[in-house]
Amino acid sequence: MTAPLETPLLETPLLETRGVWQRFGGLVANSDVSISVGRGEIVGLIGPNGAGKSTLFNLIAGVLPPTQGSIIFDGEDVTTLGAAERCQRGIGRTFQVVKSFETMTVIDNVIVGALIRNTVMRVARKKAYEVLEFCGLAARANVMASDLVPSEKRRLEVARALATEPKLLLLDEVLTGLTPVEAQTGVELVRKVRAAGITVLMVEHVMEIVMPLVDRAIVLNLGKVLVEGKPTEVVRNPEVISAYLGDRHAVGA
Ligand SMILES: Nc1ncnc2c1ncn2[C@@H]1O[C@H](COP(=O)(O)OP(=O)(O)OP(=O)(O)O)[C@@H](O)[C@H]1O
């Protein structure tokens, strides 16, 4: 008789939040949030200002411990691990407010990320160059980060996170505030990231850009998951239209 097969790891989600709460004093920023992200997916996290998206990112990345609930990453409960340990496990992130080191060169910024995996400087530098090429920033390697234009700074944020060799990349509004051409370049970069085998969870406000890109959208409102599903379903959902999108995004409007 053959032994029953264990569930292959490939079929388990890469990320799960289970009943996650985050309270700041009396304010409930995340309320019983349970989401999952499958391996190889691009998932969009959307919702109005103050819905709790950045808070959820911080809980997933380990910046904050949740008040309640657990975070499961790659089959492991990482709830009590700090941000550096989660980065080691394979959670990479960008920040809504660009956090690159302005007084360092572009390549040195990326080396900081690469050193998390490769402590030999020569190896980290090589990795950093590869990542800059991947992100279309190789020609800017030796300029100061402060001299980059805003769209390049966003790509540098992505490059820094990619240099840590994540399994999951959390992108916090990397396409916001860009021209349509720059945003399209950003979309292509996100597609390349997924093609490289990296799962993506992204917070975005620009629906026209994010909806064609994502496989699934999760809508947060008032700290709770309002709806999740295929982008085409989500944009037609009356609750989403009323809480977030407004009539201008309603199908046929
Ligand atoms: N460190 C904190 N201390 C107190 N309140 C906080 C803190 N961080 C977030 N909040 C509050 O939690 C709520 C959710 O904020 P959060 O930044 O997660 O929302 P968001 O969906 O990311 O919004 P936006 O789209 O504007 O970035 C807001 O009311 C915010 O003021």
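Residues numbered from 1 in each chain as written. Predicted model: local features only at pLDDT ≥ 70, side-chain atom pairs only at ≥ 80, totals over all residues.

Named according to an unreviewed UniProt entry, the protein is ABC transporter ATP-binding protein originating from Bradyrhizobium macuxiense.

Enquirer: Which parts of the structure should I look at to understand the overall build of the protein?
Expert: Across its full length, the protein holds 9 helices and 10 strands. Expressed as lengths along the three principal axes of its C-alpha atoms, the size of the protein is roughly 60 × 50 × 45 Å. The proportion of buried residues among the 253 residues of the protein is 40%. Residue pairs at least 24 apart in sequence account for 64% of intrachain contacts in the protein once pairs closer than 6 positions are excluded. (Helix = DSSP H or I, 4+ residues; strand = E, 2+ residues; numbered from the N terminus. Buried ≥ 20, exposed ≤ 12 C-beta atoms within 10 Å, placed from the backbone. Contact = placed C-beta atoms within 7 Å.)

Enquirer: Before we go on, may I ask you to explain the sheet that holds strand E9 (residues 216–221) in this structure?
Expert: Pairing between the strands of a sheet is mediated by backbone hydrogen bonds and can be parallel or antiparallel. The 6 strands are arranged E6-E7-E8-E3-E9-E10 in an open sheet whose pairing can be described as mixed. Each edge of the sheet is formed by a strand with only one pairing partner; in this case those strands are strand E6 (91–93) and strand E10 (224–229). Here the strands of the sheet are splayed against their neighbours by 20 degrees on average, with no regard to which way each runs. Bridge analysis of E9 against E10 gives 5 bridges, and the strand direction is antiparallel. Among the inter-strand pairings, Leu220 is bridged to a residue of E10, identified as Val225. Strands strand E3 (42–46), E9 and E10 of the sheet are contacted by helix H9 (residues 238–245), whose axis makes an angle of about 125 degrees with E10. (Pairing = 2+ DSSP bridges. Axes fitted to C-alpha atoms, helices over the stretch in contact; angles between N-to-C directions.)

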